[in-house]
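The residues making up each chain are set out below.
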Amino acid sequence: MTATVDGVPGEGVRGARPARIAGAIVGAISMLALAAASIPGAVAQDSGRAPAVADAFEADAASGGRSTDGWDDVEAVSVRGRDLDVDMLREIYEANGNQPIWVENAERSREVFRTLQNAHAHGLSPRAYHVEELAALLSSPDSASNAASGLDANLPEPLASVARLDAELLMTAAVGRYLRHIHVGRVAPRTIDREFDYDRRTIDLGDAVAEVAAAAEPGAVMQSYAPPSDGYADLVGILAEFRSLARDGGWPRIESENGTSDGGAIRPGSRDARVPAMRERLAVSGDYVPQRTSSNPAKGALSFNGRDFDQLRDRRNGNDAGSNRLRQSIGASADVERPEHDTAAWGRVDPALAMANAYAAVQSAGEGDPLFYDDRLAIALERFQRRHGLTVDGIVGPRTLEALNVPIEDRIEQVIAGMERWRWLPRDLGQGYGRYIMVNLAAFSMDVVEDGELIRSMDTVVGRPSRQTPLFSSRMTWLEFNPTWTVPTSIAVRDMLPNVLNDPGYFSRMGITVYGGWHQDSPVLNEEYLDWEQIGNDIRQFRLVQAPGPQNSLGKVKFMMANNFSVYLHDTPSRYLFDRTHRAYSSGCVRVEDPMWLADYVMGDQDGWSGLRSRMQSDWQTRRVNLENHVPVHLAYHTAWRDEDNSIQVREDIYGIDRAIGESLLELDGEGGRYALIMP
């Protein structure tokens, strides 16, 4: 059964069967019918009930007396063309005694509405929370009735009462949805990839909405359901800054004269036609701080390379605010020489200052050779490379050029995807243990955090794009020193088979024993009698075990945590990989840069550790040690954040996860919704 509530006079019920549908309304909102009787300012008819609700009851009786005792028979509710989540409404209203939640307090409703309007600040689409419909319902000419109810007293009485009902249901549906989205996320991780294996948060919507409704500052309570981590809060700020830059036109692409990205590397000390665009690009992102000139940029036309700053004004708000702000910023800062190494400002995006820098960059370049790649610009590029996890060499090679040319709109989508991922992580990252390990796969790094303080960061090697490290949260519970390594079948087929075909002595040389099967009592096979070319992919039938030793792929220790992918942290003999900037080389496990430091940290004061550590380093005997104090571990994927200098760090989407989340959100919002989310 579908219940439809519509606020159009005379169309309180839609379609060819108004009486029956009106009856359906009752099934959906019978509790509201009773509640509406107490709505202040409601037009009293039929024993004090709001007319539309009374009509609904009468229509229901006329249609045959269907039961009106709850939500049990209702499959769908539509209000003003919006299909609402019946299960959620049922949960919320039943938890709140089937009483109206919003219509009795206009100010509370308005604050809630403003919070919904501002959902884009959290990377959420306000359209998903019925703000257009609610805006119409909550229009507020000055009247006593509005002061009491928050609704338009000039509306015809039937509409006014229906409007109250509509507003009540829409507001409840909107708040419930907003709380669920900001707390749990819009997309279930496993619907994007089955290897996004986080335990999804839960939320009691009935209690949550009741908490909002009872709060003196309901907007603050709503936002408190967002992830409480500093990382999420940083993304809220970064999103606002990036959007502001986007409204001002973003940054230019760096292209060769033929309009392509070709043209070879740009090196310090060279002349290149792309240098002016490079200088402007880095100034907009806050990396380049130009030498100020004595000219007065507040006068005259502000333009360079065809970018007219007055056009930026037009792209922003359709008035002079942007241009005036820009001119004032330039005028105010034109005579101020910034320190050469004002690192506090590097990487921060103050849109007004960024545009001022872009203009000053043009002016200063005009006094010399604008095509010359000077030291000042090289410092700026190195800063950019450092902020993007690139090789810091001051050279615009292919990878750096690609990063420079990522449009600001793509960066915004990247931040929104990152906010969604934060909602997948536990709210308490330490989960009551006071400490945790956060592995950032996108940055090839790992942070150890205790009592909210960063204890140690170290580099990691993570899964290559074709063998991605999965995302999940777990707890480290035991360690194995001098471990053996049982080769997974996928690695046996993809890596071991080619190796042994090229080098028949490979297994012996690497200390790998071949067993005839996967049973523990399977016999050891003499590989001299094995024809690997004929065996081919059937190598998966054999159990390959690498003994502890200098060549063991897991090194001296592995750190174990329960998960569905046989993934763990471990040492590695391939230490040279840590010298590389890009470190996606493993088959899914995470190799850590300083495993013995990590072992010392997690073992702490555990009895016997000191002696065990000495023995473990002097021999190759395998030993397992259970941790007395477990450590939460999060395998996460952060492609944007602020570092300790408050600079914005950005990383390449090596696994395409940002893109996958963006596509999922696009399916929910449509192209128009996507644009509205990027540029609200």
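Residues numbered from 1 in each chain as written. Predicted model: local features only at pLDDT ≥ 70, side-chain atom pairs only at ≥ 80, totals over all residues. Heavy atoms only, no water.

Enquirer: How would you sum up the pairing of strand β8 (residues 453–463)? Please name residues and give values.
Expert: Relative to β8, strand β7 (residues 445–450) is paired through six bridges, and the arrangement is antiparallel. Across the sheet, the residue bridging to Asp 447 is Ser 457, located in β8. Between β7 and β8, which pair antiparallel one after the other, the connecting turn spans two residues, and Asp 451 there sits at a positive phi close to 50°. Note: β8 against strand β16 (residues 590–592), two bridges, orientation antiparallel. Bridge pairing links Val 461 to Arg 591 in β16. Relative to strand β15 (residues 584–586), β8 runs parallel, the two being bridged by two bridges. (Pairing = 2+ DSSP bridges. Helix = DSSP H or I, 4+ residues; strand = E, 2+ residues; numbered from the N terminus.)

Enquirer: Please give an account of the nonpolar core that cites residues and values.
Expert: Among the nonpolar cores identified, the biggest contains 118 residues, and Leu 116, Leu 179, Met 476, Leu 479, Phe 559, Leu 569 and Val 602 are the most heavily contacted of them. Looking at this core, the element that brings in the most residues is helix α7 (residues 157–184), giving eleven residues. For Met 476, the residues in contact, after removing those within four places along its chain, are Ile 437, Phe 559, Met 560, Met 561, Leu 569, Val 602, Leu 627, His 630, Val 631 and Val 633. If you look at the next biggest cluster of nonpolar residues, it comprises 24 residues, including Trp 485, Val 514, Ile 539 and Leu 554. (Core = buried A, V, L, I, M, F, W, Y, C linked by side-chain atoms within 4.5 Å. Buried < 20%, exposed > 50% of the residue type's maximum accessible area, 1.4 Å probe, protein only. Contact = heavy atoms within 4.5 Å.)

Enquirer: Mind laying out the packing of aromatic side chains, listing which residues take part and the relevant values?
Expert: Two numbers describe a pair of aromatic rings. These are the distance of the centres and the angle of the planes. With the rule as written, the count across this model stands at ten aromatic pairs. For the ring pair Phe 196 and Trp 424, a centre distance of 6.0 Å and an interplane angle of 35° mean the geometry is tilted. Linking Phe 196 in the loop between α8 (189–192) and α9 (205–214) with Trp 424 in helix α18 (residues 408–424), this pair joins segments that are 228 residues apart in sequence. Among the residues examined, Phe 196 registers a relative accessible area of 4% and is labelled buried. Judged by centre distance (5.8 Å) and plane angle (85°), the ring pair of Trp 532 and Phe 542 falls under edge-to-face. Of this pair, Trp 532 sits in helix α21 (residues 532–535) while Phe 542 sits in the loop between α21 and β12 (543–546), and the two are ten residues apart along the sequence. (Phe/Tyr/Trp six-rings, centres within 6.5 Å; stacked < 30°, edge-to-face > 60°.)

No statement about biological role is implied by the geometric values presented.
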